[in-house]
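Working through the structure, step by step
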Amino acid sequence: MTADPSQRDISAEIEALHAGPAPARQPILSFTPYRSSTLRHPTRAPRRVDPEGAELFAPVFGHCDVDPLEADLTIRHGGVPIGERIVVQGRVVDGDGRPVRRQLVEVWQANAGGRYLHQRDQHPSPVDPNFTGVGRCLTDDDGGYRFVTIRPGPYPWRNHHNAWRPAHIHFSLFGTQFTQRLITQMYFPGDPLSGLDPIYQSVTDPRDRERLVAAYDHDLSEHEWLLGYRWDIVLSGPHRTPLDAS
Amino acid sequence: MTTPGQTIGPFYGYALPYRRDHELVPPARPGAIRLHGTVFDGAGVPVPDALLEIRQAGPDGVVPTVDGSIRRDGTRFTGWGRAGVDPGGHYSFTTLVPGGPVPFFAVVVFARGLLDRLFTRAYVPGPGLGDDPFLASLDPDERATLVAVAEPSGDLRFDIRLQGPGQTTFLTFEGTP
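Anyway, here's the lowdown on the structure attached to this text. Every chain is numbered independently, its residues counted from 1 as its sequence is written. Both sets of labels track the order of writing: A upward for chains, 1 upward for ligands. The model is predicted, so local features are restricted to residues of pLDDT at least 70 and side-chain atom pairs to those at 80 or more, both for listing and for counting; the totals for chains, interfaces and linings are taken over all residues. Side-chain metrics in this entry use all non-hydrogen atoms of the structure; hydrogen atoms and water are not considered.

Digging into the overall build of chain A
Helix and strand counts for chain A come out as 3 helices and 12 strands. Taken against the 2.2 N^0.38 rule, which gives 18 Å for 246 residues, the C-alpha radius of gyration of chain A at 19 Å falls within 12% of a compact globule. Relative accessibility thresholds used throughout: buried, under 20% of the residue-type maximum; exposed, over 50%; partly exposed, between the two (1.4 Å probe, protein chains only). Relative to its 246 residues, chain A shows a buried fraction of 53%. Contacts between residues were defined by any pair of non-hydrogen atoms, one from each residue, lying within 4.5 Å. In chain A, of all internal contacts separated by at least 6 residues, the share reaching a separation of at least 24 is 71%. Only the protein chains shown count as covering a residue, and every accessible area follows the Shrake-Rupley method with a 1.4 Å probe. In the form shown here, chain A has an accessible surface area of approximately 11,300 Å², with 55% of it arising from carbon and sulfur atoms. For chain A, the distance from the average site of its 26 positive side-chain charges to the average site of its 31 negative ones is 5 Å. A run of H or I in DSSP becomes a helix once it reaches four residues, and a run of E becomes a strand once it reaches two; helices and strands are each numbered from the N terminus. As defined in this context, the radius of gyration uses C-alpha atoms, and a globule is described by 2.2 Å times the residue total to the power 0.38. Charge convention: Lys and Arg are scored as positive, Asp and Glu as negative, and His as well as the terminal groups of each chain are ignored. In this description, the location of a charge corresponds to atom NZ of lysine, CZ of arginine, CG of aspartate or CD of glutamate.

Here we look at the pattern of salt bridges
A pair can form between side chains of opposite charge whenever their charged atoms are brought close. By definition, a salt bridge exists where a carboxyl oxygen of Asp or Glu is found within 4 Å of a side-chain nitrogen of Lys or Arg. Scanning the entire structure with this criterion turns up 27 salt bridges over all chains. The closest approach of N and O atoms between Arg121(B) and Glu55(A), which form a salt bridge, is 2.7 Å. Taken together, the residues Arg121(B) in strand β6 (residues 118–123) and Glu55(A) in the loop between β1 (47–49) and β2 (85–93) connect one chain to another. The same class applies to Arg121(B) and to Glu55(A), which are both buried. A salt bridge links Asp142(A) to Arg91(A), with the nearest nitrogen and oxygen atoms 3.2 Å apart. Here Arg91(A) lies in strand β2 and Asp142(A) lies in the loop between β4 (134–138) and β5 (144–150), a separation of 51 residues in the sequence. On the accessibility criterion, Asp142(A) (42% relative accessible area) is partly exposed. Linked by salt bridges that have partners in common, Glu106(A), Arg181(A), Glu53(B) and Arg82(B) make up one network.

As for the sheet that holds β4(A)
Residue and element names in this part refer to chain A. Two strands pair if DSSP finds at least two bridges between them. Strand order in the open sheet formed by 4 strands is β4-β3-β8-β9, and the pairing between neighbours is antiparallel. Looking at the sheet topology across the chains shown, the edges are occupied by β4 and β9 (182–187). Recorded for the sheet is a direction-independent mean angle of 20° between the axes of neighbouring strands. Here 5 bridges tie strand β3 (residues 104–109) to strand β8 (residues 168–173), and the two strands are oriented antiparallel to one another. Note that in β8 the partner of Val107 across the bridge is Phe171. Fitting a line to C-alpha atoms yields each axis, with helices limited to the stretch in contact; the angle taken between N-to-C directions then spans 0 to 180 degrees.

Observations regarding unusual backbone geometry
The omega torsion across Gly237(A) and Pro238(A) is 10°, close enough to zero to call that bond cis. Mapped onto the elements of the fold, Pro238(A) is located in the loop between β12 (233–234) and α3 (242–245). A positive phi angle is found at Arg102(A), which is not glycine, with a value near 50°. Tracing the backbone through its elements, the reader meets Arg102(A) in the loop between β2 and β3. What makes Arg102(A) partly exposed here is its relative accessible area of 46%. Phi angles above zero are rare outside glycine, and Arg20(B) is one such case at about 65°. Relative to the elements of secondary structure, Arg20(B) occurs in the segment before β1 (33–40). Overall, the relative accessible area of 30% leaves Arg20(B) in the partly exposed class.

Here is the structure:
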């Protein structure tokens with residue numbers, strides 16, 4: 001049996017892939033430093049197609065679907081969750097810069113100790129009885145969203161020996177077309193683990209990778225209450241057919 | 001400009017699924033069918049941590065743009081659903097067969113180990129498929145992966161192979177950089 005690769009091994013693989021000819025603006029699906037991708041990335045290129053039918057319409061969500069209280073992850077239980085209270089706020093826009101209005105945003109994350117409330121998470125860090133780590137909201141007419149939560153902790157995973165994920169919040173987003181569907185992760189500025197992380201580093205263009213990192217925004221911080229982070233999301237598209245463009 | 005995607009990871013299971021997420025219509029509704037299948041990896045092993053969503057027209061060929069997908073009231077057809085796979089990699093939606101000239105379910109796939117989502121289509125089998133220019137442009141083996149299989153019960157089976165022999169044909173849309 002071969003030993004698990006070290007961080008040094010994984011970092012060397014990342015560096016070699018980053019030295020490739022054309023930096024990738026989206027994650028490289030076959031990014032081998034992320035070991036779980038090995039048997040789960042398509043080897044045949046996707047077929048380019050004009051979107052049609054149901055692809056041209058995102059699902060619609062309304063106030064019957066989402067309770068405004070779901071945007072505050074710190075008030076879902078009887079007590080106050082442990083950790084650094086933060087607000088994450090930003091806008092969802094499409095590729096033309098237009099706000100994505102009244103659309104669903106979902107988030108999920110680990111607690112302050114880096115533990116998910118998921119039965120498969122066996123990280124020996126305590127569950128916080130006052131924190132589930134799941135939120136939803138609808139964007140406003142300017143595409144704006146806002147979640148109050150706890151800053152998640154980093155956590156170990158089994159990709160390689162002594163592997164740690166940088167702190168992150170998972171985001172699930174919809175646009176105005178089904179083709180704009182996006183699930184991604186938001187990271188925190190200055191995290192020393194980001195440079196070591198094969199998931200984050202799978203976007204090999206550094207400028208695009210940095211779009212995954214929120215900015216600390218003191219104007220969002222609130223006196224004696226919480227710290228503010230701003231993270232704007234730009235969806236692809238809308239995807240027009242040549243007929244629309246003419 | 002575009003924000004890159006990242007994997008859904010292993011821990012979405014307590015966050016994204018919700019009650020009746022996969023029931024676009026109640027199972028007892030007349031005309032209800034199952035659209036179901038298994039997600040396989042490149043070794044042919046079922047993927048136990050994948051999540052699918054579908055978007056579709058109703059039997060009248062019209063894509064509904066009504067809310068109510070999260071708190072389903074059992075009467076309103078929203079044309080969108082979400083289904084996590086079970087430990088055997090199997091997913092199942094209860095829905096209606098879409099109408100229109102060349103009807104299909106738009107499908108998006110997320111999984112741990114998959115760094116970004118994959119789009120595909122599950123076409124409803126029928127005589128109209130031969131007229132579709134996109135399907136006609138594909139090799140027969142690529143085309144076959146996009147057509148659901150009608151089962152004697154009236155259900156539709158649509159397996160997804162992420163890699164390897166019989167890999168599902170995935171899509172990228174015009175306008176994507």
